[in-house]
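One-letter residues, chain by chain:
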Amino acid sequence: MTHSYSRTRPQALVLFFWLFLSSGLLSWQHALAQKENSNWYFGNRAALSFQSGTPVALTGSSLYSYEGSASISDANGNLLFYSNGEEVWNRINARMPNGTSLGGHNSASQVVAIVPRPGSISLYYVFIVDAIDNNLVGGLRYSIVDMSLQNGLGDVVSGSKAIRLPTPTLTGKVTEKLAVARHANGRDYWVVVHGWENRDFYSFLVSDAGISPQPVVSSVGTVHQGSSSFFGASNAVGCMKVSPTGRHLALGKRDDRFELYDFDAATGQVSNFVSLGGGFGYCYGVEFSPDGSRLYVSSGPNGAIGQYNVLAGSAAAITSSLRGVASGFNVAGGMQLGPDGKIYISDYNSPALHRINKPNELAATCDFQRNAVSLGGNLSQNGLPNFPNSISPQPSATVTASTVCLGSATTLQAVVQNAPGATATWNFGDPASGASNTATGLTATHVYSAAGTFTATLTLTVPGVAAPLVVMQVVTVNALSTVNLGLARQLCAGQEVVLQAGNQPAGTTYRWQDGSAGSTFTARAAGTYTVTVTSAQGCSTTASTTVAVLPAATVSLGRDTTLCLQNPLVLRPSAQPTLRQPLSAWL
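These numbers were taken from a predicted model, which means no experiment stands behind them. (Residues numbered from 1 in each chain as written. Predicted model: local features only at pLDDT ≥ 70, side-chain atom pairs only at ≥ 80, totals over all residues. Heavy atoms only, no water.)

**Brief notes about the overall build of the chain**
Thought 1: In terms of regular secondary structure, the chain is built from 2 helices and 42 strands.
Thought 2: Here the chain has a C-alpha radius of gyration of 39 Å; the compact-globule value for 587 residues is 25 Å, and the former is much larger.
Thought 3: Dimensions of the chain, computed from the C-alpha atoms along their principal axes, are close to 155 × 50 × 40 Å.
Thought 4: Expressed as a percentage of contacts within the chain between residues at least 6 apart in sequence, the contacts between residues at least 24 apart total 56%.
Thought 5: A total of about 25100 Å² of accessible surface is found on the chain, and carbon and sulfur atoms cover 53% of it. (Helix = DSSP H or I, 4+ residues; strand = E, 2+ residues; numbered from the N terminus. Rg over C-alpha atoms; globule rule 2.2 N^0.38 Å. Contact = heavy atoms within 4.5 Å. Areas by Shrake-Rupley, 256 points an atom, 1.4 Å probe, with all protein chains shown as cover.)

**Examining the pattern of salt bridges**
Thought 1: Taken as a whole and judged by the stated rule, the model has 7 salt bridges.
Thought 2: Linking Glu 87 and Arg 95 is a salt bridge whose minimum nitrogen-to-oxygen distance equals 2.3 Å.
Thought 3: For Arg 95, a relative accessible area of 44% corresponds to the partly exposed category.
Thought 4: Taken together, the shared-partner salt bridges connect Lys 253, Asp 256 and Arg 257 into one network. (Salt bridge = Lys/Arg side-chain N within 4 Å of Asp/Glu carboxyl O. Buried < 20%, exposed > 50% of the residue type's maximum accessible area, 1.4 Å probe, protein only.)

**Digging into unusual backbone geometry**
Thought 1: Each neighbour pair has its own omega, and for Thr 167 with Pro 168 the value is -10°, a cis peptide bond.
Thought 2: As for its position among the elements, Pro 168 is in the loop between strand E11 (163–164) and strand E12 (174–182).
Thought 3: Despite not being glycine, Asn 135 shows a phi value in the positive range, around 60°.
Thought 4: Along the polypeptide, Asn 135 turns up in the loop between strand E8 (123–129) and strand E9 (140–146).

**Considerations on the state of the cysteines**
Thought 1: Inspection of the entire model under this criterion finds 1 disulfide.
Thought 2: Here Cys 405 engages in a disulfide with Cys 539; their sulfurs sit 2.0 Å apart. Taking the sign of the S-S torsion, -95° for the link of Cys 405 and Cys 539, the bridge is left-handed. Of this pair, Cys 405 sits in strand E30 (residues 404–405) while Cys 539 sits in the loop between strand E41 (527–534) and strand E42 (540–550), placing them 134 residues apart in sequence. The pair formed by Cys 405 and Cys 539 is uniform in burial state, with each residue classed as buried.
Thought 3: For the unlinked cysteine Cys 366, the closest cysteine sulfur is that of Cys 239, found at 19 Å.
Thought 4: For Cys 366, a relative accessible area of 1% gives the class buried. (Disulfide = S-S within 2.5 Å.)

**Considerations on the sheet that holds strand E37 (residues 489–492)**
Thought 1: A sheet is described by the order of its strands in space; here 4 strands give the open sequence E37-E42-E41-E39, paired in mixed fashion. Each having just a single partner strand, E37 and strand E39 (509–512) make up the two edges of the open sheet. Direction aside, neighbouring strands of the sheet carry axes that sit 25° apart on average. (Pairing = 2+ DSSP bridges. Axes fitted to C-alpha atoms, helices over the stretch in contact; angles between N-to-C directions.)

**Quick notes on the sheet that holds strand E6 (residues 88–90)**
Thought 1: Strand order in the open sheet made by the 3 strands is E4-E5-E6, with antiparallel pairing throughout. Looking at which strands have only one partner, the edges of the open sheet turn out to be strand E4 (70–73) and E6. Taking each pair of neighbouring strands and ignoring which way they run, the sheet shows an average axis angle of 15°.
Thought 2: Alignment of E4 against strand E5 (residues 79–83), held across 4 bridges, turns out to be antiparallel. For Ala 70, the partnering residue across the bridge sits in E5 and is Ser 83.

**A short note on the packing of aromatic side chains**
Thought 1: Considering all chains together, one arrives at 18 aromatic pairs under this definition.
Thought 2: On the basis of an interplanar angle of 20° and a centroid distance of 5.6 Å, the ring pair of Tyr 82 and Trp 89 is categorised as stacked. Judged on exposure class, the residue Tyr 82 and its partner Trp 89 are both buried.
Thought 3: Ring geometry for Phe 521 and Tyr 529: centres 5.6 Å apart, planes at 45°, overall tilted. This pair shows no difference in class: Phe 521 is buried, exactly as Tyr 529 is.
Thought 4: By the ring-pair criterion, three or more aromatic residues cluster together here, those being Trp 40, Phe 50, Tyr 344 and Phe 387. (Phe/Tyr/Trp six-rings, centres within 6.5 Å; stacked < 30°, edge-to-face > 60°.)

**Let's talk about the environment of Leu 276**
Thought 1: Residue position: Leu 276 is located in the loop between strand E20 (270–275) and strand E21 (283–288).
Thought 2: The exposure class of Leu 276 is buried, given its relative accessible area of 3%.
Thought 3: Distance in space between the C-alpha atoms of Leu 276 and Val 157 is 42 Å, their sequence separation being 119 residues.
Thought 4: Non-local contacts of Leu 276, meaning those with residues more than four positions away in its chain, are made with Phe 258, Glu 259, Leu 260, Leu 295, Tyr 308, Ile 318 and Thr 319.

**Examining a nonpolar patch on the surface**
Thought 1: On the surface, a nonpolar cluster with roughly 420 Å² of combined accessible area is contributed by Val 555, Leu 557, Leu 563, Leu 569 and Leu 571.
Thought 2: Inspection of the secondary structure assignment puts Leu 569 in the segment after E42. (Patch = residues over 30% accessible without salt bridge, like charges linked within 9 Å, V, L, I, M, F, W, Y side chains within 5 Å.)

**Concerning the pairing of E4**
Thought 1: Where burial is concerned, the two faces of E4 agree: the one with Ala 70 and Ile 72 and the one with Ser 71 and Ser 73 are both buried.
Thought 2: If you look at the hairpin formed by E4 and E5, you'll find 5 residues sitting between the two strands, and Gly 77 has a positive phi there, around 90°.

**As for the confidence of the model for the chain**
Thought 1: Residues at a pLDDT of 70 or more form 90% of the chain, whose mean pLDDT is 89.
Thought 2: pLDDT under 50 marks residues 1–33. Its contacts with residues more than four places away, or in other chains, come to 90 contacts. (pLDDT = per-residue confidence, 0-100.)

**Some details on the environment of Val 217**
Thought 1: Note on placement: Val 217 falls in strand E16 (residues 216–219).
Thought 2: Its relative accessible area of 39% is what places Val 217 among the partly exposed residues.
Thought 3: Spatially, the C-alpha atoms of Val 217 and Asp 200 are 6.3 Å apart, while their sequence positions differ by 17 residues.
Thought 4: Not counting the four nearest positions on each side in its chain, Val 217 is found in contact with Asp 200, Phe 201, Tyr 202 and Gln 269.

**Observations concerning the nonpolar core**
Nonpolar side chains tend to gather and get buried jointly when the protein is soluble and globular.
Thought 1: Counting 23 residues, the largest nonpolar core has Leu 260, Leu 276, Val 286 and Leu 295 as the members making the most contacts within it.
Thought 2: Of all the secondary-structure elements, those providing two or more residues to this core are strand E19 (257–263), E21 and strand E22 (294–299).
Thought 3: For this core, the element with the highest residue contribution is E21, accounting for 4 residues.
Thought 4: Setting aside its immediate chain neighbours within four residues, Leu 260 contacts His 248, Leu 249, Ala 250, Asn 272, Phe 273, Val 274, Leu 276, Phe 288, Leu 295 and Ile 318.
Thought 5: With 20 residues, the next largest nonpolar core counts Leu 458, Leu 460, Leu 469 and Val 471 among its residues. (Core = buried A, V, L, I, M, F, W, Y, C linked by side-chain atoms within 4.5 Å.)

Written as structure tokens, this is what we have:
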């Protein structure tokens, strides 16, 4: 909503926070590890990537939002899409073909939230609330994005856009607050909104069966109604968050107060209201520390940031635990816990975000850092992306395959995450191997029928997931060298023969029986000669042959004989070994 900030605001809050401001250094460890919130799109074309572990400004965003936005990435941290509640853009910053008229208003505090559908690897719900600028008439709606459409760029499913949910009726109004909490079962989600002009929280269960047709209703706390601005509805403005632990819920009612509740992640019930007091002038942003022990709040124009100690004890003790963290902002807006475990704060029309580096610590040592993250020339507005308090992990699998030589077995190994009870089936892409072309189990071996490049396919069937997870892996089988040293040879004493390993490609190495490494070997003695030829890919072939050295022939024509003229005499050489080829020359 395009809220006016021209009114004079009480200055007591600024002074109150500033008096308590101090700094310190203590070590801590954050608890967030998922990568689905690695990319943030918000404000006036602002965007950040947390892929490297440190936020880095991105360019190319198509999004403008005065307040709310949402973005979602895959389990590896690759951007999928983002939205300002009015439109939705894909990972290449193009508007999805059916991605308009989602039913929201970019001036709603938390106009949009994106929730992966449990049991699906391609479907996402985009939940939307309306703004006071539009008198909240749009209520709570959802659209479905299917990432298998548009060649993997995704699109809003036809006939599944801007569908109204009952709160408690299809004409029921809700505030600008929209929170998503992971269910206690670690798989499903709760989508939580607050009714307008009542004290009701509506928690919708999102499971693999879809969205529950009726919400869990919790009537607790104050009535959200009235005040100023558009349609006299400014108390609908402000953010709502569920702690990362799933145990607490907090919200801001713009012109009234901050509120703290207990949340039951198993039932979706909200209970045990704690009023954190009024007099803040503009109660807007809320965020919990990673361990849920601290609640941070932001106050709008000329505002400040404060911290409540959720572990202080009684309701009165929690309320009185308020300490100042920082003040002197243009507009202290939305706050969001990052994947690095630090809390980021928007400041209206600022080229940077502020940051709380140690949010698990008490205010004096939480290490607030002003203008900590540059937005690369773009500007923040009043909000930051709206994420679930925790992302339910989706099934995933990676496959590795050993590169082998022809005749050796290839080992394929699947590493599966978040897929309990999954069964694995392999197709090795080698139909010539017949019945051996398929196998089951996460680890499989296969001897390919020929050298070349093959594509092995893993099909993972996960209980409760409608579509199987399919992963392909290229397998390379290297050919063996062709080596032939020829037939056995026979030599006479003093002769030699050159044995050749044949023409081989560059990078081939040779090793003969005596350790020599030439492509040829000169044999002069009887024996068995062996060469091992190894290709550049490491595939070895061994060949051998024998060489026999024959003794010199012994020839006898008998005793000298005296003949009479004209009488013939037949001369015969003595018998020779059968291996020798008889060859005679008479002189």
